[in-house]
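These are the residues of each chain, in order.
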Amino acid sequence: GRRLQIQALFLLMNGYLTQNEAQINKGIWFLTETANNTDRSWAYQQNQALAVGDMLMAYAVGYEWAKPFLTADEDQLLRAEMEEYGAWLYTQALNNVSWARTTAARNSWNWKAVCFGALGLAALALGGHTDWLSMAETHCTNYLTNAVDATGYAREGASYVSHGLHFVLAFAQAYQT
């Protein structure tokens, strides 16, 4: 998932900013080739729910940036991937898996931020998933409230909170607009 974020999102963002259609098309290629050759169970095997969240974020952000350039088939493919990954995260959270628990320790865990930030981004990209959006908002707010203590110390450590914020802040920004 993180490789897909780096490859596809870098190309799409740079292509968009510079109006370089070759980079945009290559970013779309990374998204669609990954979607055609992997699935949610493959992502889970890489690093469980964390990798599922990583992949979902890449699809959701990549989809938003690539949307004006997608064919109808590419649009359908990427939407189906977001539906598959998002539905799995949502269902797992309803089953109270470790990263969805609301204990003090779990509220500051980067897995919570990754999974629910990505779920929120997918809900916004797809539209119509108010249940996903509500769940993402609640858990991301819990993360932002608990990831650092009153002195500003990152409870899980600087690199982990940095990774978590990568997802939560992207979701928060997208949710505001």
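Residues numbered from 1 in each chain as written. Predicted model: local features only at pLDDT ≥ 70, side-chain atom pairs only at ≥ 80, totals over all residues. Heavy atoms only, no water.

## Let's talk about the overall build of the chain
The cut-off we apply is this: Per the convention used, a helix needs a DSSP run of H or I reaching at least four residues, while a strand needs a run of E reaching at least two, with both numbered from the N terminus. The criterion used for residue contact is that any of the two residues' heavy atoms lie within 4.5 Å. Per-residue accessibility takes into account occlusion by the displayed protein chains alone, with areas from the Shrake-Rupley method and a 1.4 Å probe. Note on charges: Lys and Arg go in the positive column, Asp and Glu in the negative column, and His and the chain ends are not counted at all. Working definition for charges: the position is that of NZ of Lys, CZ of Arg, CG of Asp or CD of Glu.
What the chain contains, in helices and strands, is 8 helices and 0 strands. Taken from the N to the C terminus, the helices and strands of the chain come in the order α-α-α-α-α-α-α-α. In the chain, the proportion of contacts linking residues at least 24 apart, taken out of those at least 6 apart, comes to 66%. About 8,700 Å² of surface is accessible on the chain, with carbon and sulfur atoms providing 51% of the total. Of the charged side chains in the chain, 10 are positive and 15 negative; the average position of the first set lies 10 Å away from that of the second.

## Things to note about helix α1 (residues 2-18)
Counting along an α-helix, one turn takes 3.6 residues, and residues three or four places apart therefore face a common direction. For clarity, the threshold we go by: Between the first and last residue of a helix there are one fewer steps than residues, each counted as 1.5 Å, and that sum is the expected span. For every residue, the accessible area obtained with a 1.4 Å probe (protein chains only) is divided by the maximum for its type, and the residue is called buried under 20%, exposed over 50%, and partly exposed between those limits.
In a regular helix each residue adds 1.5 Å, so 17 residues correspond to 24 Å; α1 covers 23 Å between its end C-alpha atoms and thus fits that length. Turning to α1, its buried residues number three or more, namely Leu 4, Gln 5, Ala 8, Leu 9, Leu 11, Leu 12 and Gly 15. Residues of α1 that are buried sit in contact with α2 (21-37), α3 (40-66) and α8 (158-176). At the exit of α1 stands Gln 19, carrying a positive phi of roughly 55 degrees.

## Quick word on the packing of helix α7 (residues 130-146) against α8
The condition is simple: Fitted lines through C-alpha atoms serve as axes, helices being fitted only where they are in contact, and the angles separating the N-to-C directions of these axes extend from 0 to 180 degrees. Here the word oblique covers every angle except those under 35 degrees (roughly parallel), over 145 (roughly antiparallel) and from 65 to 115 (roughly perpendicular). Two helices cross in a left-handed way if the nearer one is turned anticlockwise from the farther one by less than a right angle. They cross in a right-handed way if the turn is clockwise. Gly is put with the polar residues, along with every residue not named as nonpolar or charged; the nonpolar set is Ala, Val, Leu, Ile, Met, Phe, Trp, Tyr, Cys and Pro, and the charged set is Asp, Glu, Lys and Arg.
At a closest axis distance of 10 Å, the pairing of α7 and α8 adopts a crossing angle of 135 degrees. Overall, the two elements α7 and α8 adopt an arrangement that is oblique. At the point where α7 passes α8, the crossing takes the left-handed sense. Between α7 and α8, the contacting residues are Leu 133, Ala 136, Glu 137, Cys 140, Tyr 143 and Leu 144 on the first element and Tyr 160, Val 161, Gly 164, Leu 165, Val 168, Phe 171 and Tyr 175 on the second. A breakdown of the residues in the contact of α7 with α8 according to their chemical character gives 11 nonpolar, 1 polar and 1 charged.

## With respect to the nonpolar core
The test is simple: Residues belong to one nonpolar core when they are buried, are Ala, Val, Leu, Ile, Met, Phe, Trp, Tyr or Cys, and are joined through side-chain atoms within 4.5 Å.
Grouped together as the largest cluster of nonpolar side chains are 59 residues, with contacts concentrated most on Leu 4, Tyr 59, Met 82, Leu 89, Trp 99 and Phe 116. For this core, the secondary-structure elements that each account for two or more residues are α1, α2, α3, α4 (72-94), α6 (110-126), α7 and α8. Among the elements that line this core, the one with the most residues is α3, at 13 residues. Among all residues touching Met 82, those that are not within four sequence positions of it are Leu 56, Tyr 59, Ala 60, Tyr 63, Ala 87, Ala 122, Ala 125, Leu 126 and Trp 132.

## Here's the deal with the confidence of the model for the chain
The following threshold applies: Looking at any residue, its pLDDT shows the predictor's confidence there, from 0 to 100.
Confidence in the prediction for the chain averages 95 pLDDT; 100% of positions are at 70 or higher. Looking over the chain, one finds the lowest element-wise mean pLDDT in helix α5 (residues 104-107), namely 87, and the highest in α4, namely 98.

## Here we look at unusual backbone geometry
Of note, the phi angle at Gln 19 is positive, near 55 degrees, even though the residue is not glycine. Structurally, Gln 19 can be placed in the loop between α1 and α2. Unusually for a residue other than glycine, Gln 48 sits at a positive phi of about 55 degrees. Looking at the secondary structure, you find Gln 48 in helix α3.

## Let's talk about the state of the cysteines
Under the convention used in this document: The rule for a disulfide is simple: a pair of cysteine sulfur atoms within 2.5 Å.
Taken as a whole and judged by the stated rule, the model has 0 disulfides. With no disulfide of its own, Cys 140 lies closest to Cys 115 among cysteine sulfurs, the gap being 10.0 Å.

## So, α8
Its 19 residues place the ends of α8 26 Å apart at the C-alpha level, agreeing with the 27 Å of an ideal helix rising 1.5 Å per residue. Packing partners of the buried residues in α8 comprise α1, α3, α6 and α7.

## Comments concerning the environment of Asn 146
For clarity, the cut-off: Pairs of N or O atoms are called polar contacts if they sit within 3.5 Å, as long as, within protein, a hydrogen donor faces a hydrogen acceptor (for residues adjacent in sequence, only side-chain-to-side-chain pairs).
Along the polypeptide, Asn 146 turns up in helix α7. It is 30 Å that separates the C-alpha atoms of Asn 146 and Phe 10, two residues lying 136 residues apart in sequence. Polar side-chain contacts of Asn 146 include one of 2.7 Å to the backbone oxygen of Asn 142.

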